[in-house]
Amino acid sequence: MYAAMIGRLAVVVCLFLCLSPSLCVHVQNDQLLRRRVSLREIDRDSSPAAVEHFRSVQRRDVTNSSTATPSPTPPPVIRHFARLQHDRHRLAIVHWSGDNSTAIFMLTTNRDPSGTSYASNLWRSTDYGKNFTNDNTKVNGTILDYYYISPHDKMKLIFVAKTARMLYVTVDEGDSYSGVKVPFVADDIDYNPFESRGTYLIAYDKAQKALYVSTDLAKTWTPVDFNVTRYYWEVLPNEDTSHLYFEKLHESGSKVFVASAPYQPGDIREFQPDSSRPHFNQRAMVLAYEYIISQVTDAGGSATLYVSHNRGPFVAAQFPFRSHLLERDYLLVDGSEGQMFVAVNHRSNLTSLYTSEAKGISYSLTLKDVVTTSDSTWASDTATVQLYRVRGVKGTYFVNQHQLDRTPWTLVSFDKGARWLTVPAPSVDNNGRDTNCYQPNCSLQLDVRRMSSRDSTVGIVWAQGNVGKSKTSRNQGSFISRDGGLTWRWVFNAYYLASFADHGAVLASAPRNYRITNQVEHSCDEGTTWRSLTMPKSIYVIGLFTEPGERSLIISIFGFERHWVEWLVGQLDFKDIAKDPCRASDYYKWIPTDERIGRRCLLGESLVYKRRKADVCCYNGYDYEVPTSSSVCGCASEDFECDFGYERDHLDSPCRPSSGTPTEGPPDNCPEGQSYNETRGYRKVAGDVCQGGEDTVFMYRSLSCPIDPPSGLSISSHPGIVGPGQVVTFALKQTSGGTLTTKYTWSFDDGRTFVANYTTSQTVTHSFVKSKKGPYLVSVVAVNPGGQDSAIRPIVVYDKIVSSAVSVTPPKVVVENVAATFTVNLDRSQNQSYGSIRYTWLPGDGSTPQNSDHPVFTYTYSNAGVYNASVVITTFLQKTVSYSYQVTVASGPGGLLLAAVPTRVAPLQKVTFTLNQTVGTTKETTAYTWRFGDGQVTTVNSFSESHTVSHTYARAREQPYEVTVTANSGFASIATTTYVVVNDPITSAQMHLPTKPIENENATFSVILDTSKIYGTIQYTWSMGDEVQRTTKVPLLNYEYQQGGRYRASVSLSNSLPSTTPYTLHFSVDVESETLVAVQIHVPSNLIAIEHEYSFSVTATARSKSGIVNYQGILDCYWDTAGYYEDYFIPGTVIRHSYTSDNLGQVTVIVYCNNGAETASVQGNATITVVAPTKKVLLTGVSGLLNLLPANASNEMIKAVTTEFQKMVAVTSHVNPLQLLVTLHPEDHSVEVIVLPQSNSANDVSLAESVAEQLPVDISGTSFDLTVGGKSSEVTIGKASVVKVHESSVTKGKSTVYVAVGVGVGATALVVLLVLGLYYYRRKYGQLEVAYSQLRETGRGNYEFSGGAETVGEEEESEHREHPAKGGVSAVQMSKIDDEFFN
């Protein structure tokens, strides 16, 4: 970033060399970044349009206005014309000290493309520019780049020598200098504008991205930080200390940091950190007055603007929602009047202008599709928008906008963009003729980049433009407004520079440097009439300037004579024009007003200026200040702009909701009893001070917040379980909805209710008299005008348990090893409610107590006997109640264990069961019943017979067979169970293979089984033939082979039956590479000449995992070049082939290709026409042209030059041939040309022969007519490869120009070079001769002509712009005509 210089005035006049690109994509002018004392925005006032062509410059009507007449009074005296001896530098930076100082500094330089000076002269004048002294020796002859002036002390200046890394400091306005060697390259130096001594500085090294600080006027420097990309001094009105704000690179983005002044090492902190916010974009920070902005762009290209107002936290800005438009980038266009104009780039051909409210957060569309620079400038941080703010008149802006047909026009707003209007054209032109231009079909169109106004010349605006329906570069004129841009006078019929003297009492004007002049026009009545001043020299005028604040009656004129030698600086002294000081009667009260709406107010204020009468030619004086007074106006529609989410369909239409704007309603947080503002679609313009009037029509209307229905009602209680008569405390909560007007009705489900407000209802107590089956349902119903809500809280009231209410019921018989069930009985004869109960059982056999929530307990005693058992009952309302009882346990069978071997068999395979009994009565007195699950039942009466039993199953089934053995001792029984699975063995299966599997693509393999069989669980083991093995539980495998080929694979099936082996299937898999879909033949031309070799090639597409793609694999192709399906084919993907007379006519070229695998070939066809050439012509006289080719010329270079020869021969033949076949022969410096017919028909052959007859054998001396700009010139090709252009009407002689031209891909056509020269040189010379130098290749497909060259300068327009890198210095940077036009 180039930071700004500080001082009173910054003026830049550039012509051809651009040293100062736009500061950043986020800010249009450096003046928006900082407040400056008397800062003149010359960059925006007079920046030029794109450089126009020489012919359009020559055609301009640059005659003086008819209103310019010889002065009957003594003309202003040119006191002196100072010539800067031997100074031919092309750029100059001029500083006029002002404040009653007579010093003027002028630094002239030549710079390389990077902007670094390689030659310079330092000049100083101490007599208002009458004489200049070369001060190079004071800086030891060091080459200087820039200089910087203190904004508080004009005596202090710093001159920068970047290459030498030196600073030269003067504290006595150039009388003496002290040199300081610095350890960095000072790309920028910036004074602290808020430190009155002028010794506090920062410096920036662009390459290092390093920021340095000095507190002793550059004597010593301390590094502040590195990786810095932007930086600003600033102090808010309510702050006592200035701060240094800067942007620093951080990871993939940036952060903003701040340091206090004076700076202390380490005193750096992140400004408004926020971990939830993404990092800002790099080079996105902009500080403008009370605003700091930056932006974040997401991966999809959509950007978000963040704004800090008055140094508060960053807040995401809100722009009207448009689902079809991205916010790609932002440009701060203006932020000087308590709000921000921000241009949003939505797409390549759409940038719209938005205005904010005072905080800069909420934006409304003010104008769609404004004129801006190209897409590339947004990407390179150099974008600008054509918007201009008039100085001295609040709220007045001019803008250029694209109309529906994309032609630009000019609009004006007197209320900061609330409404835009077309600009009324003058009724007459500068010669007094009617313009016949009436709105809306015609208006004044202005180039806002060339407008000029001053705070010291209130109401006077100078502009360039045209009268018509749209803005154009044709018929340009100069215009002046005396009423702040409301009405306009046509002054001159061309583009004139202007300068103001004595606060606008005198105006001087001269044509820009596209033509030489000895006339300067001046006016003492604010541009109503003009008089001519004849200068003693005719010069090209580059600039007219006066000292900062336009206080003096002296204007400096800068320029050069016809044949550039040195800079000329003249002094125009208008003291003899405005002789007398103005008296009180010479002033009147002037009120800026918009007469189209009949009001005398701007931005709600009637400002009254004390202004000199235009018809009185007196002078205001050096210390004159424009007096003002003001009064507040009543509000009208002009004081309001569209609110956020609203826009105008047309310039004069009301504000309507934008597309996608949601229906407005109360805010989410709108408490009951308060009010909110509802928009009428308008908001007061930021900074507008109107009161009353029609404000109720446009201002927000105040509405009461709605009474929301109660919602989120809940009741909590403590305790939640109570006994009769115990007090319960209830708490009520409501999460949303109204409470002020809400009534709450409580019901306790025991017959008692009461009604209360929210305050009373928040805590309520209650007690219940008796218990109840089930809970009491305590409820609250809340009701207000918006609706109702309710909540319920259950409360349980339980009775106490007494010992007499408990008993236990045991089973009739309890047998050892047999589960017995015990039940607790509670007395509920009085409808007692006990709630949840915990039972603790003690069986009495020494076992661990067992807890249960149920009154039923099941237990198994291991041994017979008598046991003293008990149960302990615990409730919520009392600790315990214990009940004891006695249990008698008898003997019985027990401990049965049943096992089967094997547990998984095939049909008719034997299973052996083993039964064991560990406890119980005598086994020989117990009966055992066997049930095998297949319908067979066997009973035996002794354990010995049941110990081992065998069984076979006849068939397989899905479910296992359940085998049960029951032991019965007569008074007790016990059973045990096991399971047997019966499945069919696997004896057959089939394999299903995928169709044409492709490498790197999933293919599905499956096994087909006999569905009539029951196999149970099967494990599939897959061996895929590529050393990969997979196991699945299903007969399916999705598999992806990594490369094509044939694979021997297998799958083994096993269901784990005993005495069986896995069943294995073997199969082969052919895996293809990408499957070819189609092949395409590429032929050199549809028209092929016999006996000439041509290249044919083929490409293919294939089906792959990702779809149809360009095939990149192996491609085996065979060609049938004649379409006869011959036995002999030509192999290859690229072949060269020639045809004979046997092939005349249409021929079908066929190619067969496969991918190298065992697959069928894919066929491609192409049809060509084979023709016989009518004539071969060997051109001579072109040896010089062929010398353009070096010996090692590449195919690309030969092809490029061949194309140019084809164009050249086509021109020399005076007809449009059907087709030319040009072959270069560098070895003998010849060119072979063949004319081909379009087909072999008699008519086409005859036409081609006729064309061939017209081709000259020797093209030297051949002439043809070339029409340029509507005028015809004769072109002759000489034997020495020299192109001569003659024009019989011009006889000034002959000039030869040798041109070295850099070209892009391909060679540059001769005709193109001729056109470049003719635009300018045909008007100055009778004959132009262009000689080529060697053509060389600079890279693949890129060429340039090289060699010695002599160049002649171009007459081109200069540009006036403020030096963005040096904003604030009262300097004029000027560039003379570039004397290397073709470089």
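Along each chain, numbering runs from 1 in the same order as the chain's sequence is written. Totals for whole chains, interfaces and linings use every residue, but because this is a predicted model, local features are given only for residues with pLDDT of at least 70 and side-chain atom pairs only at 80 or more, for both listing and counting. To get the side-chain values, take all heavy atoms of the structure and skip hydrogens and water.

What makes two strands pair is DSSP finding at least two bridges between them. In this description a helix means any DSSP run of H or I spanning at least four residues, a strand means any run of E spanning at least two, and both kinds are numbered starting from the N terminus. Read from one edge of the open sheet, 4 strands run 8-9-10-11, paired in antiparallel fashion. Single-partner strands in this sheet number two, and they are strand 8 (146-149) and strand 11 (178-181). The sheet shows a mean angle of 25° between the axes of neighbouring strands, direction not considered. Pairing of strand 10 (residues 166-170) with strand 11, which is carried by 4 bridges, proceeds in the antiparallel orientation. Residue Tyr168 lies in a different strand from strand 11, and its bridge partner there is Gly179. Axis lines are fitted through C-alpha atoms, for helices just across the contact stretch, and the angle between N-to-C directions can take any value from 0 to 180 degrees.

Buried means the residue's accessible area, taken with a 1.4 Å probe over protein chains only, is under 20% of the maximum for its type, while exposed means over 50%, and partly exposed covers the values in between. Within strand 25 (residues 341-347), 6 of the 7 residues are buried, leaving the element largely enclosed by the surrounding structure. Of the strand pairs in this sheet, strand 24 (residues 329-334) and strand 25 are connected by 5 bridges, and their pairing is antiparallel. Paired with Leu331 across the bridge in strand 25 is Ala343. In textbook terms, the turn of a hairpin is the stretch between consecutive antiparallel strands, and for strand 24 and strand 25 this stretch comprises 6 residues, one of which, Gly338, has a positive phi near 75°. Both strand 25 and strand 26 (residues 350-356) contribute to a ladder of 6 bridges, which runs antiparallel. Its bridge partner lying in strand 26, Arg347 is registered against Leu350. Joining the antiparallel neighbours strand 25 and strand 26 is a turn of 2 residues.

The next thing to look at is the sheet that holds strand 76 (residues 990-992). One key point about sheets: their strands pair by backbone hydrogen bonds, in either a parallel or an antiparallel sense. Pairing within the open sheet is antiparallel, and its 3 strands lie in the order 76-77-80. Each edge of the sheet is formed by a strand with only one pairing partner; in this case those strands are strand 76 and strand 80 (1036-1039). Sheet twist, expressed as the average angle between the axes of neighbouring strands with direction ignored, equals 20°. By the bridge criterion, 4 bridges tie strand 77 (residues 1003-1008) to strand 80 in an arrangement that is antiparallel. Looking across to strand 80, one finds that Ala1003 is bridged to Tyr1039.

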